[in-house]
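# Survey of secondary and tertiary structure
Residues per chain, in single letters:
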Amino acid sequence: MTALTLKNVNKSFGKVQVLHDINLEVEDGEFVVFIGPSGCGKSTLLRVISGLEDATSGEITIGGDVVNMVPPAKRGIAMVFQSYALYPHLSVKANMALGLKQEKQPKDEIEARVAEAARMLSLGDYLDRRPSELSGGQRQRVAIGRAVVRKPKLFLFDEPLSNLDAALRMNTRIEIARLHRTLDASMVYVTHDQTEAMTLADKIVVLRDGRVEQVGSPMELYNNPANQFVAGFLGAPSMNFLPAGLVGGASDTTIGIRPEHIRLSDTGRLKAAVSHVENLGGDTNVLVELADGTQMTVRLFGQHNVAPDEAVSVDFDDADTFHFGASGERLRDATVLATDALQS
Amino acid sequence: MNKARRNPFNLFAAHGILIVYTVIALFPVFVILINSFKERRSIFREPLALPDGESFSTVGYETVFNQGDFFLYFQNSLIVTVASLFFVLLFGAMAAFALAEYKFKGNTLMGLYLALGIMIPIRIGTVAILEMMVSTGLVNTLWALILVYTAQGLPLAVFILSEFMRQVSDDLKNAGRIDGLSEYTIFFRLVLPLVRPAMATVAVFNMIPIWNDLWFPLILAPAEETKTLTLGSQVFIGQFVTDWNAVLSALSMAILPVMVLYVIFSRQLIRGITSGAVK
Ligand SMILES: Nc1ncnc2c1ncn2[C@@H]1O[C@H](COP(=O)(O)OP(=O)(O)O)[C@@H](O)[C@H]1O
Ligand SMILES: [Mg+2]
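What comes next is a walk through the structure. Please read these numbers as outputs of a predicted model, since none were measured by experiment.

About the criteria used
Once a new chain begins, its residue numbering starts again from 1 and follows that chain's sequence as written. Key to labels: chains lettered from A, ligands numbered from 1, both in the order written. In keeping with the model being predicted, local features are shown solely for residues with a pLDDT of at least 70 and side-chain atom pairs are shown and tallied solely at 80 or more, while totals for entire chains, interfaces and linings include all residues. A run of DSSP states H or I qualifies as a helix once it reaches four residues; a run of E qualifies as a strand once it reaches two. Both are numbered from the N-terminal end. Any residue with 12 or fewer other C-beta atoms within 10 Å of its own C-beta is exposed, any with 20 or more is buried, and the rest are partly exposed; the C-beta atoms used are placed from the backbone. Residues are treated as contacting if the C-beta atoms built from their backbones sit within 7 Å of each other. At least two bridges found by DSSP between two strands are what make those strands a pair. Lines fitted to the C-alpha atoms define the axes, with helices restricted to the stretch that makes contact. Angles between their N-to-C directions range from 0 to 180 degrees. Lys, Arg, Asp and Glu make up the charged group, whereas Ala, Val, Leu, Ile, Met, Phe, Trp, Tyr, Cys and Pro make up the nonpolar group; the residues left over, Gly among them, are polar. As used in this record, a residue near a molecule or strand is one whose C-beta atom, placed from the backbone, is within 6 Å of it. Relative orientations are named as follows: roughly parallel for angles under 35 degrees, roughly antiparallel for angles over 145 degrees, roughly perpendicular for angles from 65 to 115 degrees, and oblique for any other angle. Should the near helix be turned anticlockwise from the far one by less than a right angle, the crossing is left-handed, and should it be turned clockwise, the crossing is right-handed.

### What about the overall build of chain B?
Along the backbone of chain B there are 13 helices and 0 strands. Ordered by position from N to C terminus, the α and β elements of chain B give α-α-α-α-α-α-α-α-α-α-α-α-α. When each of the 279 residues of chain B is scored for burial, the buried share is 34%. Taking all contacts inside chain B whose residues are at least 6 apart in sequence as the whole, residues at least 24 apart take part in 77%.

### Focus on the sheet that holds strand β1 (residues 2–13) of chain A
Residues and elements named next belong to chain A. Strand order in the open sheet made by the 4 strands is β2-β1-β4-β5, with antiparallel pairing throughout. Edge positions in the open sheet fall to β2 (16–27) and β5 (65–66), since each of these has one partner strand only. Relative to β5, strand β4 (residues 57–62) is paired through 2 bridges, and the arrangement is antiparallel. Note on β5: the bridge partner recorded for Thr-61 is Val-66. Packed onto the sheet, helix α1 (residues 42–50) meets β1, β2 and β4 and runs at close to 65° relative to β2.

### What about the interface of chain A and chain B?
Counting residues at the interface gives 16 residues for chain A, matched by 12 residues for chain B. Going through the elements one at a time, β6 (77–80) and α2 (92–102) of chain A are the ones with two or more residues in the side of chain A that touches chain B. For the side of chain A that touches chain B, a count of residues per class yields 10 nonpolar, 5 polar and 1 charged.

### A word on the site of ligand 1
Every residue lining ligand 1 is accounted for by A:Phe13, A:Val18, A:Gly36, A:Ser38, A:Gly39, A:Cys40, A:Gly41, A:Lys42, A:Ser43 and A:Thr44. The element that contributes the greatest number of residues to the shell around ligand 1 is α1(A), accounting for 3 residues.

### Thoughts on the environment of B:Val168
All names here are of chain B. For Val-168, the position within the fold is in the loop between α7 (142–166) and α8 (170–178). Of the residues examined, Val-168 has 21 C-beta atoms within 10 Å and is grouped as buried. Once the C-alpha coordinates of Val-168 and Leu-194 are considered, the two residues, 26 residues apart in sequence, prove to be 7.3 Å apart.

### Quick word on the packing of helix α5 (residues 107–119) of chain B against α7(B)
A packed helix pair is summarised by two numbers, namely the angle formed by the two axes and the spacing between the axes. Residue and element names in this part refer to chain B. Across the interface, α5 lies against α7 with an axial gap of 7 Å and an inter-helix angle of 125°. One element, α5, and the other, α7, form an angle in the oblique class. The handedness of the crossing between α5 and α7 is left-handed. Between α5 and α7, the residues in contact are Gly-111, Leu-114, Ala-115, Gly-117 and Ile-118 and Leu-154, Pro-155, Leu-156, Val-158, Phe-159 and Ser-162, respectively. Counted by class, the contact of α5 with α7 contains 8 nonpolar, 3 polar and no charged residues.

From the geometry alone we can't say anything about function, so treat these as descriptive.
So, in structure tokens, the structure goes:
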């Protein structure tokens, strides 16, 4: 059974269309991440799925039932928000129990589920505190606990880690991944952070301006992006793009090459000047500027002695490159080879 | 304040200014209070002197208690003020929530229409209001006053409260919806507690004018059993003779309940003014 199906979903606010014809399936137990830049409609899509906003057109199916006319509380979903959104006047325990109370669950069932969620998220010591007495990480765990106790058919996360600092973000990310394994639940997770998407997802949905750009597993998207946008969005540091003309390609096409596939060499094809160096210990990121002003990032493994303003030359294997047309579409090998042959 | 930033001169100046202001603000109240305990002649001879053995007298208070039903007036004022505040806050908050939360056709227009009342004094409509009260038989009832004061207070209440309600986190309300809370529960249990400082502000701004008003009690409810304190005190102010002892005593006692209400709201009020933001 599929946990969630979206069929031709459109959403407009007044005259502004925010979501364009979204089609999507989330399988049972699957962890799906929506990723896209800020303002591309990720939250809107999540609100449409949860029923907080009505779709302008299209069909939403959760666990086999069409839910277009079903209110949020009855859709079998639970949602975790970026701002935690805990009830300030209720204790941690009451925060988690409220949804179950509204469902008129028996008291001992509520107790049991809250205790189980508290154990899972190590919240046992805080059950009687108010949200204002908790740290950001603890608050987000309570928010996750509030979702877990509902035993929803589908979890919805809206950038749940954005308000946490870097260390906590990693811990909570691991916790969410662990939760997904133990609960074996279907989850939809929204983020603009490619690391979260790559590390958590079974399936990534890349959105841009309210349209689905590509759907696939993290490695599919990384290794085989459908277009220049997806290629540039996934991977950190992001992919370098340079005019194909610089290395003998067709003039109106673009070459994409990941930073880790570039090397600094004395005999490279492209002359460049080092503009900045980031020493990370394990890696060294070297930012170079080509003669025509194009910026490139080179990711070197280990530690390297490179100084700003140094003249270098860079090179890469053509097998590692991606080719994109003038409007950003991916040019598959056949077409590229044809143009390359034409050039030589 | 941090020690490095504490400059003794600034500290002194700030306190000096505040003390001067406090003295100026409290002075009239102080004069009213001391003179209410003096006999008539000393009120005029030495208005600033404290009552001593010779000038001390409670004749003003006696007059007030003997003349008319002072406690009834008092009770009327209290009922009218508290009931009006209650309705202003309840309906004001509900309208503000609707304007802030729901998108519907004419939302902005409705907001502007409600805000218009801030600029148009309700007294302009006195004649129409009186006609309306006469035809509904509400003249000389406390309801007449409560309704008018509620109408008078609503525009500013809606304006201020909707501004504050827009700042209440959408996520919080949405979390409530997903947990199955009704819109009423979301309004009363989640949103209202968060805008409490703003509610206190609105309450204080409305309370004083209602308590002190003479106009509408005189026109709409001048009967003996519906007189408010302010109207009741007018019997001591004559065209030719004014019983200053009684006037000062009545005023002194009229200050009390407003003080009590103010203290109740003030903690919230100060939070409302200084915090500004609602989390
Ligand atoms: N209630 C609304 N009314 C009008 N426009 C909205 C509303 N909610 C979102 N939008 C618009 O929809 C677009 C997508 O917003 P959102 O889904 O929040 O983006 P994201 O979560 O990807 O950053 C934005 O351009 C935003 O201005
Ligand atoms: Mg968002």
